[in-house]
Amino acid sequence: MNGRTFMTRASALVAALAFTACGLGDLLDVSNPNDLIEGDVKTEAAASAVVNGALTLVSSSVSQSWQPYLVASDELRWIGSRDAWLSLDKGFVDDPLNEFIDGPFPAMGQGRWMSDFAISVVDSLVGENPSAAMKANLARANLYSGIMYMVIGEIQEDFAFSNKTEAAPPVGSENMHRVLDDAISRLSTAIAGFNEVGDADMALNAMAVRARARQSRAIWDVVNPNPSGNGLVNSAEAGADAMAVIAAAGGNDADWLFNLTYSSASASNSMAGWINDRKENQLDLSVATATAANDIDGIALKDPIDEVDDPSVIKWLNQWKGGNYLDKGGIYPPLTLASTRMMHIILAENALAGGNEATFTEHINHIRAMDGLTPFSGQIDNMEMLQHMRRVTVLLQGLRLADMYRWGISAPSWESSSDAVKCPGVMLPISIIERRANENIANDYAVC
Amino acid sequence: MGGAPPLKTGGTYPRYRNFLTVGYAPAAFFGAKLAGSDLAEIPLNILAPVGGECVAPTRQQALEYFSQPRDPSSFKPLAIGNSDFGTPNGKLASHNCGSGLLDSYLGKPTPDFAGSFGFNIAFAGNFELNSLLEYKLGHQVQDLSGMFRRANGFIGRNTPRSAELYSIMVNPASSAEQRLDAAVSWAEEIEGLSPMSGMNGIYDADWVQWRELSLVYRIPTSFVESWGLSTATMNLGVRNLKLFMLGDYPGMDPEGNVLGRCNGGLSCNFLDSTEGWGIPVPRRVTLSTRVTF
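Owing to the predicted nature of the structure, the values given are computational and were not obtained by experimental measurement.

A. Here's a closer look at the overall build of chain B. Counting its regular elements, chain B contains 6 helices and 16 strands. On the principal axes, the C-alpha backbone points of chain B span a range of 90 × 55 × 30 Å. Counting across all 293 residues of chain B, residues that qualify as buried make up 43%. Restricting to contacts in chain B with at least 6 residues of sequence separation, those with at least 24 account for 65%.

Right under this line is the structure:
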């Protein structure tokens, strides 16, 4: 190769490299059309998806957070290998380090944030386009947010409403009733919204959840700071909602319910995954009997009058197992948030707390009639009947621990040194993952 | 870390103790550490907390507590409290008192030194001796399988030492002194897993592994050619011949880890030197022949 040829080839190589380099610069400077940023979901086209996303996160959260709450109660028991479940079973409710309190906590934060975000997004869009569809989306967002706030208020001892990376101070145990108040406010907005667009079915759902939330608000007062009185609550507002729900659902005989649903297309039911699939926990032996392999093989909880397997327990367990309570069950059973049975038990308790024995009996018997049971007519003590009917009516619905606290019921598995025994009324704490990330929360493990 | 809080590997699973946090080696171990005698003469949490603070018992109080048989599940040790990660607060912590129970620095999985060395010696004309040794110095490993065997009340406590201490504590014929001594030993050697995650589980794990020793014999050409071959060698080798533990690690294999290869994420990258759910690297003896033609 002579010098001229070399220079020619070298120049061509340099030019090619320069061209390639320029090309690479352009090549890497692209916008991915699949990228989504937060602003993209603040559009009318995305409104329904944002609300559906909130529902999925709220549903997932509820299925995760109810389990530690119920394992601590006498509804579920530990049968597996993970000792943090055992700790809950023994009544150590107030342990921020418990992995099964810690695990669901982020999901609760996500469900709370996303449902509030959905309200914010859709509320803004309604201002631009006040169509019935958009208003229905806003009502749904309020319903789902209301559900999330209600569950937080029912099962948490404390909570922090942080916003993305901005840590918020904790609400404080003594102020957690405000979370239930916020739930009721959101549910009221939802009801008004559904009524405005003429969606009676969704208004019924929201009304039933509000009845539950209002009773839970009254229960909160009874169990905080410590359980007091006879544990009975009498919420006129909850009663009014309950009456309205029963009427709208078809009358006293109507056996209606409102469920959170799960599927492969949305989210799995975490609690069912742990119980039906992994078999880490199981129904308490006071509720259902089990084989040596810890599979349910019968009903332990009997109706106190007819002394038969309690039909309500069978009803809820059939739903839990996807057909028959003797089945293995799957990971997608629905979770019931409210029902006409729950409405009747709210009204029955209101009546008993108010000294109205006839109305108490009437509503107890509406539930019993749904299952063909002998009417109650004083065969056992009224309080005993209420407590039994409440237990079987709200089984697997995330309410048992508060009921145990307010009525002074202890689980046989609770240890004398446990939080549930030492500090009755104590609920699930802000877990360690939030404590480490939130500078507003003292690294203080000893609430109880 | 851009202001991020300490990041824990393994999600909420409390037995994995590797963290990413400012000021410490990547994947440093944090967990519960038994309180020393400067904080508690008897490091056992057997008295009710006062105002949320742990109370260390006197010897007399401890003897009173152990005047009857006690299952080790009924009490927990007293550990060092912390105000932040790796920052002792001078107080005690346990499962129901104090703060910063799981924030004590327990070591790091990445070694200060790691490498290999060996030799290759030809001798007696057709023989060759090869050897390779590997080492890791200046790191700690969590013996999670061992923690289960020693401490878990349901699927463990089946090591001789666990059984020995357990039997003393629950034996009505034991004296209070014997039970107390066994309980302190239990706290110092056995107690672990949740809620005392990390305790008695993370050890100095310096090691030298005699990775390979092989003897090669080159079969003389006169034989090989008569067989119609160009060359032939025979190789007798041993892999993982001997593990020399220089630290106090009691587990099966300090090279084990709960995770193998996986695709990115905090745990794939930093959940390290935590031995569990596996079996040790086996010793392997091979005899092979290599021919060319």
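B. Geometry of the pairing of strand β6 (residues 79-84) of chain B. Residue and element names in this part refer to chain B. For β6 and strand β7 (residues 87-93), the ladder comprises 4 bridges, and the chain directions are antiparallel. Counterpart to Asp-84 in the pairing with β7 is Thr-87. If you look at the hairpin formed by β6 and β7, you'll find 2 residues sitting between the two strands, and Gly-86 has a positive phi there, around 70°.

C. Just the domain arrangement of chain B, in detail. Residues and elements named next belong to chain B. Segmentation of chain B into domains returns domain 1 (7-109 + 144-199) and domain 2 (113-141 + 205-292). Across the boundary between the two partners, domain 1 contributes 19 residues, which contact 17 residues of domain 2. Per-residue buried area on domain 1 facing domain 2 is highest for Tyr-16, Pro-109 and Ser-145; these three make up 30% of the total on that side. Put simply, domain 1 and domain 2 have 9 residue pairs in polar contact (both at pLDDT 80 or more) between them. Where the side of domain 1 that touches domain 2 is concerned, the elements lending two or more residues are β1 (7-8), β2 (18-20), β8 (104-107) and α2 (144-151).

D. Structural detail: the interface of chain A and chain B. Counting residues at the interface gives 15 residues for chain A, matched by 23 residues for chain B. Both faces combined, the contact of chain A with chain B buries some 1,600 Å², and carbon together with sulfur accounts for 55% of it. Across the chain A-chain B interface, the total number found is 2 salt bridges. The salt bridge partner of Glu-99 of chain A is Arg-15 of chain B, with a shortest N-O separation of 4.0 Å. There are 1 residue pair in polar contact (both at pLDDT 80 or more) connecting chain A and chain B.

E. Structural detail: the environment of Trp-277 of chain B. Residue and element names in this part refer to chain B. Looking at where Trp-277 falls in the secondary structure, it is placed in the loop between β15 (274-275) and β16 (284-292). Classification of Trp-277 by relative accessible area gives partly exposed; the value is 48%. Spatially, the C-alpha atoms of Trp-277 and Asn-257 are 8.2 Å apart, while their sequence positions differ by 20 residues. Those residues in contact with Trp-277 that sit more than four places away from it in its chain are Tyr-13, Tyr-16, Leu-144, Ser-145, Phe-148 and Val-258. At 2.8 Å, the side chain of Trp-277 forms a polar contact with the side chain of Tyr-16.

F. Summary view of the sheet that holds β15 of chain B. All names here are of chain B. Here 3 strands make up an open sheet; going across it, the order is β12-β11-β15 and the pairing mixed. Pairing within the sheet leaves two strands with one partner each, and these edge strands are β12 (202-204) and β15. As paired elements, strand β11 (residues 140-143) and β15 share 2 bridges and run parallel to each other. Counted as the bridge partner of Gln-142 is Thr-274 from β15. Contacts from α2 reach β11, β12 and β15 within the one sheet, and its direction differs from that of β11 by about 40°.

G. Region of interest: a nonpolar patch on the surface. Residue and element names in this part refer to chain B. A surface patch of nonpolar side chains, about 710 Å² in accessible area, is lined by Phe-119, Ile-121, Phe-123, Leu-215, Met-234, Leu-236, Val-285 and Leu-287. Mapped onto the nonpolar patch, the elements with two or more residues apiece are β9 (113-123), β14 (231-245) and β16. It is β9 that contributes the most residues to the nonpolar patch, 3 residues altogether. Relative to the elements of secondary structure, Phe-119 occurs in strand β9.

H. Local environment of the packing of aromatic side chains. With the rule as written, the count across this model stands at 26 aromatic pairs over all chains. Measuring from centroid to centroid gives 5.0 Å for Phe-30 of chain B and Phe-85 of chain B, while their planes differ by 70°, and the two rings are edge-to-face. Linking Phe-30 of chain B in strand β3 (residues 28-31) with Phe-85 of chain B in the loop between β6 and β7, this pair joins segments that are 55 residues apart in sequence. By relative accessible area, which is 0% here, Phe-30 of chain B ends up buried. A cation over an aromatic ring shows up here: Arg-186 of chain A above the ring of Tyr-149 of chain A, its NZ or CZ 3.9 Å from the ring centre. Between the NZ or CZ atom of Arg-406 of chain A and the centre of the ring of Trp-407 of chain A, over which it lies, the distance is 4.1 Å.

I. Structural detail: the packing of helix α7 (residues 177-197) of chain A against helix α8 (residues 200-223) of chain A. Residues and elements named next belong to chain A. Taken N-terminus to C-terminus, the directions of α7 and α8 make an angle of 160°; their axes are 9 Å apart at the nearest point. Judged by the inter-axis angle, α7 sits roughly antiparallel to α8. Our pair here, α7 against α8, has a crossing hand that is left-handed. Along its contact with α7, which presents His-177, Leu-180, Asp-181, Ile-184, Leu-187, Ser-188, Ala-190, Ile-191, Phe-194 and Asn-195, the element α8 presents Met-202, Ala-203, Ala-206, Met-207, Val-209, Arg-210, Ala-213, Arg-214, Ser-216, Arg-217 and Trp-220. In the contact of α7 with α8, the residues fall into 13 nonpolar, 4 polar and 4 charged.

J. Local environment of the confidence of the model for chain B. Per-residue pLDDT for chain B averages 94, and the proportion of residues at 70 or more is 100%. Quick note on the complex model: pTM equals 0.85, ipTM equals 0.75.

K. Inspection of the sheet that holds β16 of chain B at higher detail. All names here are of chain B. Strand order in the open sheet made by the 5 strands is β9-β10-β13-β14-β16, with antiparallel pairing throughout. Two strands close off the open sheet at either side, each with one partner strand: β9 and β16. Neighbour-to-neighbour, the strand axes of this sheet turn through a mean angle of 15°, independent of strand direction.

L. Examining the state of the cysteines more closely. All names here are of chain B. Going through the model one piece at a time under the given rule, you end up with 2 disulfides over all chains. The disulfide bridge from Cys-54 ends at Cys-97, spanning 1.9 Å between sulfur atoms. Every disulfide takes its handedness from the sign of the S-S torsion; for Cys-54 and Cys-97 that torsion is 100°, giving right-handed. Of this pair, Cys-54 sits in the loop between β4 (44-45) and α1 (59-65) while Cys-97 sits in the loop between β7 and β8; the two residues are 43 residues apart in sequence, bridging distant segments of the chain.

M. Spotlight on the nonpolar core. Core analysis: the biggest nonpolar cluster contains 118 residues, and Trp-66, Leu-143, Ile-147, Leu-317, Met-343 and Tyr-405 of chain A have the highest contact counts within it. Not counting residues within four places of it along the chain, the set of residues in contact with Met-343 of chain A comprises Ala-208, Ala-211, Ala-242, Val-245, Ile-246 and Ala-338 of chain A. Counting residues in each nonpolar core, the second largest holds 26 residues, with Phe-66, Leu-144, Leu-180 and Val-258 of chain B among its members.

N. Inspection of helix α3 (residues 160-170) of chain B at higher detail. All names here are of chain B. For α3, every residue scored as buried is listed here: Ser-162, Leu-165 and Met-169. Down the axis of α3, the buried side of the element spans an arc of 75°, and every buried residue falls inside it. Against α2 and α4 (176-190) lie the buried residues of α3.

What counts, and at which threshold
- Residues numbered from 1 in each chain as written.
- Chains lettered and ligands numbered in written order.
- Predicted model: local features only at pLDDT ≥ 70, side-chain atom pairs only at ≥ 80, totals over all residues.
- Heavy atoms only, no water.
- Helix = DSSP H or I, 4+ residues; strand = E, 2+ residues; numbered from the N terminus.
- Buried < 20%, exposed > 50% of the residue type's maximum accessible area, 1.4 Å probe, protein only.
- Contact = heavy atoms within 4.5 Å.
- Pairing = 2+ DSSP bridges.
- Domains from an automatic or database assignment.
- Buried area = accessible area lost by both parts, 1.4 Å probe.
- Polar contact = N/O pair within 3.5 Å; in protein donor to acceptor, adjacent residues only side chain to side chain.
- Salt bridge = Lys/Arg side-chain N within 4 Å of Asp/Glu carboxyl O.
- Axes fitted to C-alpha atoms, helices over the stretch in contact; angles between N-to-C directions.
- Patch = residues over 30% accessible without salt bridge, like charges linked within 9 Å, V, L, I, M, F, W, Y side chains within 5 Å.
- Areas by Shrake-Rupley, 256 points an atom, 1.4 Å probe, with all protein chains shown as cover.
- Phe/Tyr/Trp six-rings, centres within 6.5 Å; stacked < 30°, edge-to-face > 60°.
- Lys NZ or Arg CZ within 6 Å of the ring centre and 35° of its normal.
- Parallel < 35°, antiparallel > 145°, perpendicular 65-115°, else oblique.
- Left-handed = near helix turned anticlockwise from the far one by under 90°.
- Nonpolar A, V, L, I, M, F, W, Y, C, P; charged D, E, K, R; others polar.
- pLDDT = per-residue confidence, 0-100.
- Disulfide = S-S within 2.5 Å.
- Core = buried A, V, L, I, M, F, W, Y, C linked by side-chain atoms within 4.5 Å.
- Arc of directions from axis to C-beta.

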